[in-house]
Every structure is written in C-alpha cells, then in structure tokens.
Amino acid sequence: MKNGIFIIAHAPLASALRQCVLHVFPDAAPAVAVLDVQPNVPTEETLLTARLTMAMLKQPNTLVLTDMFGATPCNVAQKLVDGLNTRLIAGVNLPMLMRAITYRNESLDALVARALSGGTQGVMQVAVTAPQNQIRKIHDQNHHDHQQ
C-alpha cells in the first residue's frame, strides 16, 4: 500500500520540510507534495491550488500534514480530507515527517499513528552534558569511555 504525503504550511516551511526529508530519502520525491501558503493570497485560490497539487500526487491514500491548527493552511487542508482516503494532522515537525516517510507503505491508519508518535517522541529536552559529548579519558586505551 502506498500513501502520498502532502504538506501544506506557511511559506516557506512546506518546501523546507520537503527538502530536509528528501536529503535523507531522495527516492520519496514522487510521494511528497507541498504547498507553501503565501500571505495575501485568497483562501479560495489556495484551496484550488491545493486540490490540483493533491491530484498530481496520484496515490491511493494521502496523509496531509499542516503546520498549525486554526491557521489558513489547516483550514484549507480540512476542506481536502475525507477521513477515508485522506487524513489530516496539524503540528507537523521534521521527526513526524521522517517517521511518515519511513512508514509510508503501511495502511493509512498505521501511518497516522506512526506520524503522531514520531512527532511527539521527537520533541525532547536534550542534556548539554550527554555521554557522547564527554572528553575521552587519556588512560582508556580501549576507547570504552562512552560506556556508562
């Protein structure tokens, strides 16, 4: 099962996210479409462009990702999804997108679950003194200083 991924976000976020994910997964290019919502463009025009872009994906199912609930990109996206062959997640981030690309061949329901878990698990506070950032001890000739 193949799923398309359509990112609708405030310009230039959608294109930037696509570029990031294609850096890691260049073969995913045909499955990832984007729409950068420009300021001062009427919603009707943005919706028309979104419909055309989604049609060009030519995937049986599509996961639509948008940046922020309640904003224009999400409002446009809500008019695209049917809940059957398309689903919508607001709050896209790079970990969510990477997870979605990784599992894009699963069922649409599974893909939604994977994307949501990737998005939430990818947000964390990172310690400044992580073990991998420690200076190697000179007396450790076997280089086991990274093991705690």
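Report on the accompanying structure. (Residues numbered from 1 in each chain as written. Predicted model: local features only at pLDDT ≥ 70, side-chain atom pairs only at ≥ 80, totals over all residues. Heavy atoms only, no water.)

Some points on helix α1 (residues 13-24)
For step 1, the next point in the chain: The end-to-end C-alpha separation of α1 is 17 Å, in line with the 16 Å expected for 12 residues at 1.5 Å each.
For step 2, the next point in the chain: Within α1 the residues assigned to the buried category are Ala14, Leu17, Val21 and Leu22. Seen end-on, α1 carries its buried residues on one side only, within an arc spanning 130 degrees. Of the residues in α1, the exposed ones pointing more than 90 degrees away from the buried face are Gln19 and His23.
For step 3, the next point in the chain: Where α1 is buried, its residues meet β1 (3-10), β2 (32-37) and α4 (94-102). (Helix = DSSP H or I, 4+ residues; strand = E, 2+ residues; numbered from the N terminus. Expected span 1.5 Å × (residues − 1). Buried < 20%, exposed > 50% of the residue type's maximum accessible area, 1.4 Å probe, protein only. Arc of directions from axis to C-beta. Contact = heavy atoms within 4.5 Å.)

Side note on the side chain of Asn3
For step 1, the next point in the chain: Examined against the element boundaries, Asn3 turns out to sit in strand β1.
For step 2, the next point in the chain: Here the side chain of Asn3 touches Arg104 through a polar contact of 2.8 Å, landing on its backbone oxygen.
For step 3, the next point in the chain: Here the side chain of Asn3 touches Glu106 through a polar contact of 2.6 Å, landing on its backbone oxygen.
For step 4, the next point in the chain: Non-local contacts of Asn3, meaning those with residues more than four positions away in its chain, are made with Ala31, Gln59, Asn61, Arg104, Asn105, Glu106, Ser107, Leu108 and Leu111. (Polar contact = N/O pair within 3.5 Å; in protein donor to acceptor, adjacent residues only side chain to side chain.)

Remarks on the pairing of strand β3 (residues 61-66)
For step 1, the next point in the chain: Across the 6 residues that make up β3, a large majority, 6, are buried.
For step 2, the next point in the chain: Burial along β3 is two-sided: the face carrying Asn61, Leu63 and Leu65 and the face carrying Thr62, Val64 and Thr66 are both buried.
For step 3, the next point in the chain: In terms of strand pairing, β1 meets β3 through 6 bridges, oriented parallel. Bridged to Ile5 within β3 is Leu63.
For step 4, the next point in the chain: Bridge count between β3 and strand β4 (residues 86-90): 5 bridges; the pairing is parallel. Bridging from a neighbouring strand, Leu63 pairs with Arg87 of β4.
For step 5, the next point in the chain: Between β3 and its parallel partner β4, the chain crosses via helix α3 (residues 72-78), and the hand of that crossover is right-handed. (Pairing = 2+ DSSP bridges. Right-handed = clockwise from strand over helix to strand, strands pointing away.)

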